[in-house]
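Here is how the chains run, residue by residue.
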Amino acid sequence: FEPNADFTEIQDWPELPVRQHGMMIPIDRTIVSRTTCSDILRMYKKFRPMFDEVFFVISNSGKDPENRFSDELCEYSNVLCLEQEELVYTNKEQMAAVARNVITKFRSNFDFFFGDNPELFDETK
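To start, this report covers the structure provided alongside it. Every value quoted in this text rests on a predicted model; they were computed, and no experiment measured them.

This part takes up the state of the cysteines. By the definition in use, this model includes 1 disulfide. Residue pairing for Cys74: its cysteine sulfur links by disulfide to Cys81, the two sulfurs lying 1.9 Å apart. For the disulfide bridge between Cys74 and Cys81, the dihedral angle about the S-S bond is near -90°, and by the sign convention the bridge is left-handed. Look at Cys74 and you get partly exposed, because its relative accessible area is 21%.

Shown next, in the form of structure tokens:
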């Protein structure tokens with residue numbers, strides 16, 4: 001079980017490069033990328049011209065303001081804020097449950113964009 005085997009990551013500086021397995025890849029070859037960059041406005045401006053829309057799923061941790069995003073940021077229509085505890089798993093079954101939970105919240109939060117198109121989130125495809 002290797003949960004991080006095939007993720008892409010957006011590096012912070014200087015130009016928000018996207019890497020997978022240590023190699024640069026074009027952003028349009030990925031659907032989901034993770035980053036520690038908290039400047040989502042900068043990322044949005046850079047990546048939005050390449051896509052119909054760009055969505056952010058943000059993980060907040062604990063009560064310390066240093067580890068949390070502002071409530072105002074979480075109110076943007078293309079931002080979904082989750083608590084870190086909602087994303088924790090230790091095996092494939094838990095990972096599947098976490099993924100289903102995130103998909104449900106993603107779909108609910110961004111239904112203005114996806115509309116009534118359930119096949120976009122079909123786990124069998």
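On we go.
So, on to the nonpolar core. In terms of nonpolar packing, the biggest core is built from 14 residues, with Ile10, Leu16, Ile40, Met43, Phe47, Phe56 and Ile58 touching the most fellow members. Listing elements by their share of this core, those giving two or more residues are helix 1 (40-47) and strand 5 (56-60). No other element matches the 3 residues that helix 1 contributes to this core. If sequence neighbours within four positions are ignored, Ile58 has contacts with Ile40, Phe69, Leu73, Val79, Leu80, Cys81 and Leu82. Formed by 6 residues, the second largest nonpolar core is a distinct cluster that contains Leu80, Leu82, Val102 and Phe110.

Once that is clear, we can look at the layout of surface pockets. Of the voids in this model, the second largest pocket is the one considered here, and its volume is about 190 Å³. Mapped by element, the contributors of at least two residues to the lining of the second largest pocket are helix 1 and helix 2 (71-74). A total of 3 residues in the lining of the second largest pocket trace back to one element, the largest contributor, which is helix 1. A class-by-class count of the residues in the lining of the second largest pocket yields 6 nonpolar, 2 polar and 2 charged.

Taking strand neighbours across the sheet as the criterion, the 4 strands line up as 3-2-1-4 in an open arrangement whose pairing is mixed. Each edge of the open sheet carries a strand with a single partner, namely strand 3 (23-24) and strand 4 (33-35). Note that strand 2 (residues 18-20) and strand 3 share 2 bridges and pair antiparallel. Note on strand 3: the bridge partner recorded for Arg19 is Met24.

Each α-helix winds once per 3.6 residues, and so residues spaced three or four apart point in a common direction. Taking 1.5 Å of rise per residue, the 18 residues of helix 3 (residues 92-109) would be expected to cover 26 Å, and the 25 Å separating its terminal C-alpha atoms lies within 8% of that figure. Looking only at helix 3, the buried set comprises Val98, Val102 and Phe106. All buried residues of helix 3 fall inside an arc of 70° around its axis, so they share one side. Among the exposed residues of helix 3, those oriented more than 90 degrees off its buried face are Glu93, Thr104 and Ser108. Buried residues belonging to helix 3 abut strand 5, strand 6 (79-83) and helix 4 (111-114). The residue sitting at the N-terminus of helix 3 and contributing the capping side-chain oxygen is Asn91; that oxygen lies 3.1 Å from the backbone nitrogen of Glu93.

Two aromatic rings, taken as a pair, are described by how far apart their centres are and by the angle between their planes. Tallied over the full model, the rule gives 5 aromatic pairs. Seen in terms of ring centroids, Phe55 and Phe106 are 5.4 Å apart; in terms of plane orientation they differ by 70°. Their pairing is edge-to-face. Separated by 51 residues along the polypeptide, Phe55 in the loop between helix 1 and strand 5 and Phe106 in helix 3 bring together distant segments of the chain. Each ring, one from Phe55 and one from Phe113, has its centre 5.3 Å from the other, and the planes form 70°; the classification is edge-to-face. In this pair, Phe55 is assigned in the loop between helix 1 and strand 5 and Phe113 in helix 4, connecting sequence segments 58 residues apart. One aromatic cluster in this structure is built from Phe55, Phe106, Phe110, Phe112 and Phe113.

So, how was this worked out
- Residues numbered from 1 in each chain as written.
- Predicted model: local features only at pLDDT ≥ 70, side-chain atom pairs only at ≥ 80, totals over all residues.
- Heavy atoms only, no water.
- Disulfide = S-S within 2.5 Å.
- Buried < 20%, exposed > 50% of the residue type's maximum accessible area, 1.4 Å probe, protein only.
- Core = buried A, V, L, I, M, F, W, Y, C linked by side-chain atoms within 4.5 Å.
- Helix = DSSP H or I, 4+ residues; strand = E, 2+ residues; numbered from the N terminus.
- Contact = heavy atoms within 4.5 Å.
- 1 Å grid on protein atoms, 1.4 Å probe; cavity = no way out; pocket = protein on both sides within 12 Å on 5 of 7 lines; lining within 4 Å.
- Points joined across faces, edges and corners; volume = space filled by probe spheres on them.
- Nonpolar A, V, L, I, M, F, W, Y, C, P; charged D, E, K, R; others polar.
- Pairing = 2+ DSSP bridges.
- Expected span 1.5 Å × (residues − 1).
- Arc of directions from axis to C-beta.
- Polar contact = N/O pair within 3.5 Å; in protein donor to acceptor, adjacent residues only side chain to side chain.
- Phe/Tyr/Trp six-rings, centres within 6.5 Å; stacked < 30°, edge-to-face > 60°.

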